[in-house]
Amino acid sequence: MKKKKFNIWPYILISPALLIVAFVVFYPIIEAIFMSFQNYDLRRPDKISFIGLKNYIEMFQDEIFWTAVKNTLIWVILGVGLQFIFGFILALLLNQQFKGRGIVRAVSLIPWATPGVLIGLMWKWIYDGNYGVLNDLLMKLNIIDQPIMFLSQTSTAFSSVIVTIIWQGIPFFAIMILAGLQSISHEMYEAADIDGATKLQKLFRITIPSLKNVIFITIILRIIWVSNSVDIIYSMTGGGPSYSTQTLSVYIFNKATVLDLGYSSGMALLLMFMLATVAIPYIRKSFKEGA
Amino acid sequence: MKRLLVITLVALFSVGLFGCTAASNSPSTTDETDSSTNKNTNSESDDGEGPTLTYWYWADNSDYSDLMQNIITEFNETNDKGITVVGEEYPWDGGGFMETLFTASVGGGAPDVATFKLTSTPLFTANDLLANLDDYIENWDKKDDIDPNIYDIMKTASGTDSIYLMPWNTQVLYVYYRPSIFEEAGVEVPTTYEEFLTAIEKTTMDTDGDGQTDIYGFGMRGATGGQEPWGSFIHARGGSFDDLTSEASIRGMQDFIDIYENGYVPKTATTDGFNEIIANFKSGHTAMTIHHTGSSADMVETFGDDVSAFPFPAGEGQWTSMGDTENVIFESSEHKDAAFEWVSYLAAEKGQEDWTVATGNVPVSKTVQELDFFQENEFMKASIDGMSYAGIVPIKDTTTEWINTIWPNTIASALLGERSADEAMEILHEGLHEE
């Protein structure tokens, strides 16, 4: 059997793209690693020096850092989890035949197509304790007799922001799952009908197993995006009141904007490693499918 | 072996490509630089034209944008040195302007002149980005038209004995109030801090008898920026920014907490920023709030005669915040003499009058302060009355973080009862003064 001739040209042609990727992705990561071992604070440029693990030690002693880690976990678990559940339900509804389905599908995409900062500002006014439409509605329905300070008190601020990110993310899950639903063969459902399967049996034995890959990929992608998301929280609360809505990415952003780049790089690397543990299965799966 | 060959070739190709790109860029950059230098030289010498300055500024609205462009046009047409200023506007973006300016100047793309805020001075001077103005000001014929105290504040900001900022205009905070609400509540304009606290209490009213507060006495700002009015409460009890853990400072903080807990301010105060306090005042939701002349035109448009102002009253101490906008010349500028002509035009000449009259900011030029416009305006009067005790939050490496993050979060926790006044002040003191 003739051995396949080795061709060098594909490698040569791909090398400029590889070089660019190396420059814009790997170089900043390496730079961030170096910065995280320095007191790289541009407010004190004359004092920048190598400090070993001091940033990391300080981080573990930083009360606000741990609040941010706890908030990030809640933010991701509740945010992504509920987005998925509601997105799944919406996809099942949109998969039904009904009049005006096209319009409803298009409208349901609006939250996903709206910029995060705009969503933040819109919900900030919806929640407003003095003029907010939500308080007005609840009072007119006699559900409450005093306005709720949704974003101004620690007890309600974080859950209010989580509701906003859920609202934003539902269409993403809905559309992806809907696409998956449409690829499931009708013959499987017909066969199940003949066997006398109930609706729930069909959901758990046909629909969900068939959507396994879509669900896996969308959840992993959304975990990464939601963890990194700054825009909604920042425009709604800035991480307050009293750090109650401060996630790790918002804390990194706040530290970076005051030019404490060493400390924020350290936190960013930790967040990157946390996300890498989630992203690695996704990357491995992508490679397997590509092979 | 083949693999090694591939890797070597790919590496060589990449380096070669990068080298080619760099090489092909270099001459053109040099050519461009040369040609632009030649062009400048020609325009300065042969054509008899002066240098061209790049000026970065922000404007709070489109009227101010037009105003600045008009001032620039007038300067370009009237200055006798042939200087051309090219004004480039960037949004203030909640302070993002200063970050953009810093990034650009560190990266070698600084303009010749830019509008500036005192609080950013240490960052820029520590990186040797600003031109020293000592000699320019010393030899300036209008030097005495600006109060020496203002030059001292410029020096304090840099942490040296040198001036790096050219004064331009100030905004002194004072208290806006609604005369009709005062009348309804039966209170006079307060002249002491105690009277001010009483007025806050009395103007908090349930006007329709449904058991709910309809008008709050005071619009408290708990979000970023609120440290300025808060500072007045601290100083009124005899405290100061230098020692936030002193008994007097803690008493001022306790007043702030009490006002919130007693329901004299909207419960949203923990997160209320500039937009919220202004909206609350303009909708009649609050009887008093603290801001500067920047919002006076808007207030008059809303209330007509039913809005007035008084300086923050004296207690054991007295302080109000002096906002500021200056101009700086960058060290990298090749036309510093021309740049000083421009910033001095804005500080004490026609540019000063045009800008301050139109924007309602307090002029730094004594000559301009004497104009009827400033003497007869009640809001401007409250500002000028406050100038004698106006100050700034200490400018340190820590100030930006303290203002943006530490202050609002700590204040929120104190107002919500999660921290006592002295615990909160301990955190605030440490956050501001840590080395």
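Residues numbered from 1 in each chain as written. Chains lettered and ligands numbered in written order. Predicted model: local features only at pLDDT ≥ 70, side-chain atom pairs only at ≥ 80, totals over all residues.

- Under an unreviewed UniProt entry, chain B has the name Multiple sugar transport system substrate-binding protein and belongs to Gracilibacillus halotolerans.
- One UniProt comment on chain B, placed under Sequence similarities (unreviewed entry), says "Belongs to the bacterial solute-binding protein 1 family." (UniProt positions renumbered as here; feature names shortened; annotations may be inferred.)

- An unreviewed UniProt entry lists chain A under the name Multiple sugar transport system permease protein, with Gracilibacillus halotolerans given as the organism.
- The UniProt entry for chain A carries the following text under Subcellular location (unreviewed entry): "Cell membrane".
- Taken from UniProt, the Sequence similarities (unreviewed entry) comment for chain A reads in full: "Belongs to the binding-protein-dependent transport system permease family."

**Considering the environment of Pro51(B)**
Residues and elements named next belong to chain B.
Here's step 1: Note on placement: Pro-51 falls in the loop between α1 (2–46) and β1 (52–57).
Here's step 2: Under the C-beta neighbour-count criterion, Pro-51 is labelled buried, with 21 such atoms within 10 Å.
Here's step 3: As for Pro-51 and Ala-185, which are separated by 134 residues in sequence, their C-alpha atoms are 61 Å apart. (Helix = DSSP H or I, 4+ residues; strand = E, 2+ residues; numbered from the N terminus. Buried ≥ 20, exposed ≤ 12 C-beta atoms within 10 Å, placed from the backbone.)

**Looking at the nonpolar core**
Residue and element names in this part refer to chain B.
Here's step 1: In terms of nonpolar packing, the biggest core is built from 60 residues, with Tyr-174, Val-175, Tyr-176, Ile-200, Phe-218, Ile-259 and Val-265 touching the most fellow members.
Here's step 2: The element contributing the most residues to this core is helix α18 (residues 399–415), with 8 residues.
Here's step 3: Membership of the second largest hydrophobic core comes to 49 residues, among which are Trp-56, Phe-116, Ile-146 and Tyr-345. (Core = buried A, V, L, I, M, F, W, Y, C linked by C-beta atoms within 7 Å.)

**Topic: the packing of helix α2 (residues 62–78) of chain B against helix α14 (residues 350–359) of chain B**
Residue and element names in this part refer to chain B.
Here's step 1: Packing of α2 against α14 brings their axes to within 10 Å, and their N-to-C directions diverge by 165 degrees. Taken together, the axes of α2 and α14 are roughly antiparallel relative to one another. With respect to the hand of their crossing, α2 and α14 are arranged in right-handed fashion. Of the residues in α14, those in contact with Tyr-64, Leu-67, Ile-71, Glu-74 and Phe-75 of α2 are Lys-350, Gly-351, Asp-354, Trp-355, Ala-358 and Thr-359.
Here's step 2: Grouping the constituent residues of the contact of α2 with α14 by class yields 6 nonpolar, 2 polar and 3 charged. (Axes fitted to C-alpha atoms, helices over the stretch in contact; angles between N-to-C directions. Parallel < 35°, antiparallel > 145°, perpendicular 65-115°, else oblique. Left-handed = near helix turned anticlockwise from the far one by under 90°. Contact = placed C-beta atoms within 7 Å. Nonpolar A, V, L, I, M, F, W, Y, C, P; charged D, E, K, R; others polar.)

**As for the UniProt feature "transmembrane region" (unreviewed entry) in chain A**
Residue and element names in this part refer to chain A.
Here's step 1: Under the feature "transmembrane region" (unreviewed entry), the UniProt entry names residues 12–37, 73–94, 106–126, 157–181, 214–234 and 261–283.
Here's step 2: Spanning residues 106–126, this segment combines 81% helix with 0% strand, and its end C-alpha atoms are found 23 Å apart.
Here's step 3: Structurally, residues 214–234 comprises 90% helix and 0% strand, and the distance from its first C-alpha atom to its last is 30 Å.

**Describing the domain arrangement of chain B**
Residues and elements named next belong to chain B.
Here's step 1: In terms of domains, chain B is made up of domain 1 (51–170 + 323–385) and domain 2 (174–322 + 392–433).
Here's step 2: Spacing between the C-alpha centres of domain 1 and domain 2 amounts to 30 Å.
Here's step 3: Facing the 18 residues of domain 1 at the interface are 17 residues of domain 2.
Here's step 4: If you list the elements that add at least two residues to the side of domain 1 that touches domain 2, you get α4 (121–126), α6 (148–158), β9 (320–329) and α17 (378–386).
Here's step 5: Taken together, the residues of the side of domain 1 that touches domain 2 sort by class into 8 nonpolar, 7 polar and 3 charged. (Domains from an automatic or database assignment.)

**Structural notes on the UniProt feature "domain: ABC transmembrane type-1" (unreviewed entry) in chain A**
Here's step 1: Within this numbering scheme, the UniProt entry marks residues 69–284 of chain A as carrying the feature "domain: ABC transmembrane type-1" (unreviewed entry).
Here's step 2: Secondary structure content for residues 69–284 of chain A is 76% helix and 0% strand, and the end C-alpha separation is 27 Å.

**A short note on the environment of Asn327(B)**
All names here are of chain B.
Here's step 1: Topologically, Asn-327 is positioned in strand β9.
Here's step 2: The spacing of Asn-327 and Asn-61 is 266 residues in sequence and 19 Å in space, taken between C-alpha atoms.
Here's step 3: Once residues lying within four places of it in the same chain are set aside, the contact partners of Asn-327 are Val-113, Thr-115, Phe-116, Met-166, Trp-168, Val-343 and Leu-346.

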